[in-house]
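# Notes for the structure review
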Amino acid sequence: AAVMAARAGLGFGVVLVALGALEFLLGSPFGLWSVFLGWFLFSAARAEEAAAGLRGRAEGLRVADVMVQNPPTFPSAMTVAELMAYWPWWHGGEVAALVGPSGWLDGVVSVGRAASLPVERRATTSLGELAVPIKDVPVGRPEEPASALLNRIYGAGGTPAVVLDPANRLTGLVTLAELSAREH
C-alpha cells in the first residue's frame, strides 16, 4: 500500500510540475509555485517509495542479520586526521562507534562526515566533535526484528543505530546503506 501511495504521489508531482510549467510559459508567474510544490511532492514520494522498499527487504529479518558485526570503534578524542590516516585499512563499513574517556559509548561518526571536514581543521578536530551523540542514536538488539529498528532509524533522521547485546556491550552497527545492500 505504501508503494502504491508513493507512486500516486510521484504521478501527482509530475502533473503539478507540468501544469505549473505550462502556466508559467503562458505568462503567469504563479506557475512557478505549482512547479515548486510538484517538485517537493515528487521528491517526498520518491523518498517514501525507497523507504517502503527498504521496509519490505527488512521484513522477516532480525537485526543480527543486517548489522555490521564487531564494528570499528575509536576514541572520541581521536582527531579526524588520525582517523583519515587509518581509514584506508578500515574494513568495517562507513560508520564507527566512538568511546569516551569513561569507556562508555559516546556516539557514532561516519567516514563521509569526517572526510568532508576541511583538511586544515582535521588535526585539531576530534571525532567526538563530529559525532552524533549517543543520546540521539537509535539502539537495537540482535534478536529484534530489523523492521522495528529501521523505523527508529528513520525516526532519528537516518542516523546509524548501535546494536547492543543483553549485557549492553556493542555488537554491531546498522546503517540505511547496509540495510539496502542486504538481500533476503
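See the structure above.
## Describing the overall build of the protein
- Scanning the protein from terminus to terminus reveals nine helices and eight strands.
- A total of 184 residues make up the protein; the buried ones form 39% of that total.
- Taking all contacts inside the protein whose residues are at least 6 apart in sequence as the whole, residues at least 24 apart take part in 59%.

## Some details on the pairing of strand 4 (residues 105–110)
- Two elements, strand 3 (residues 95–99) and strand 4, share five bridges in a ladder whose sense is antiparallel. Paired with leucine 98 across the strands is glycine 107, a residue of strand 4.
- Hairpin remark: strand 3 followed by strand 4, antiparallel, with five residues in the connecting loop; positive phi at glycine 103, about 95 degrees.
- Examined bridge by bridge, strand 4 and strand 5 (residues 132–133) share two bridges and lie antiparallel to one another. When the bridges of strand 5 are listed, glycine 107 appears paired with proline 133.

## Remarks on helix 8 (residues 146–155)
- Along helix 8, the positions that sit buried rather than exposed are Ala146, Ser147, Leu149, Leu150 and Ile153. Projected down its long axis, helix 8 carries its buried residues within an arc of 155 degrees, all on one side.
- The first or second residue beyond helix 8 is glycine 157, which carries a positive phi of 75 degrees.

## Things to note about the sheet that holds strand 4
- If you walk across this open sheet you meet the four strands as 2-3-4-5, and the pairing is mixed. Each edge of the open sheet carries a strand with a single partner, namely strand 2 (73–75) and strand 5.

## Digging into the nonpolar core
- One finds Phe74, Val80, Leu83, Leu98, Ala114, Leu127 and Leu130 to be the most contacted residues of the largest nonpolar core, which totals 14 residues.
- Of all the secondary-structure elements, those providing two or more residues to this core are helix 4 (80–86), strand 3, helix 5 (111–115) and helix 7 (127–130).
- A total of three residues in this core trace back to one element, the largest contributor, which is helix 4.
- Membership of the second largest hydrophobic core comes to twelve residues, among which are Val66, Met67, Leu149 and Leu150.

## Structural notes on the side chain of serine 126
- With respect to the helices, strands and loops of the structure, serine 126 is situated in the loop between helix 6 (119–122) and helix 7.
- Exposure remark for serine 126: the relative accessible area of 16% places this residue in the buried category.
- Apart from the residues lying within four places of it in its own chain, the contact partners of serine 126 are Ser76, Ala77, Met78, Thr79 and Val80.

## So, the pattern of salt bridges
- Inspection of the entire model under this criterion finds four salt bridges.
- Arginine 62 is paired through a salt bridge with aspartate 65; the nearest N and O atoms lie 3.5 Å apart.
- Residue classification places arginine 62 among the partly exposed positions, given a relative accessible area of 40%.
- The salt bridge partner of arginine 152 is glutamate 144, with a shortest N-O separation of 2.7 Å.

## Structural notes on the side chain of glutamate 144
- Position of glutamate 144 relative to the elements: it lies in the loop between strand 6 (139–140) and helix 8.
- Of the polar contacts made by the side chain of glutamate 144, one reaches the side chain of arginine 152; its length is 2.7 Å.
- Contacts of glutamate 144, omitting those with residues within four sequence positions, involve Leu61, Arg62, Val63, Val139, Leu149 and Arg152.

## Some words on the sheet that holds strand 6
- Taken together, the four strands give an open sheet; going across it, the order is 1-8-7-6, and neighbouring strands pair in mixed fashion. Of all the strands in the sheet, the pair left with one neighbour each is strand 1 (68–69) and strand 6.
- For strand 6 and strand 7 (residues 161–164), the ladder comprises two bridges, and the chain directions are parallel. The partner of glycine 140 across the bridge, within strand 7, is valine 163.

## Thoughts on unusual backbone geometry
- Of note, the phi angle at asparagine 70 is positive, near 45 degrees, even though the residue is not glycine.
- Checked against the element boundaries, asparagine 70 lands in the loop between strand 1 and strand 2.
- For asparagine 70, a relative accessible area of 68% gives the class exposed.
- With a phi close to 65 degrees, asparagine 168 is a non-glycine residue in the positive phi region.
- With respect to the secondary-structure elements, asparagine 168 resides in the loop between strand 7 and strand 8 (170–174).

Here is what the cut-offs are and how they apply
- Residues numbered from 1 in each chain as written.
- Predicted model: local features only at pLDDT ≥ 70, side-chain atom pairs only at ≥ 80, totals over all residues.
- Heavy atoms only, no water.
- Helix = DSSP H or I, 4+ residues; strand = E, 2+ residues; numbered from the N terminus.
- Buried < 20%, exposed > 50% of the residue type's maximum accessible area, 1.4 Å probe, protein only.
- Contact = heavy atoms within 4.5 Å.
- Pairing = 2+ DSSP bridges.
- Arc of directions from axis to C-beta.
- Core = buried A, V, L, I, M, F, W, Y, C linked by side-chain atoms within 4.5 Å.
- Salt bridge = Lys/Arg side-chain N within 4 Å of Asp/Glu carboxyl O.
- Polar contact = N/O pair within 3.5 Å; in protein donor to acceptor, adjacent residues only side chain to side chain.

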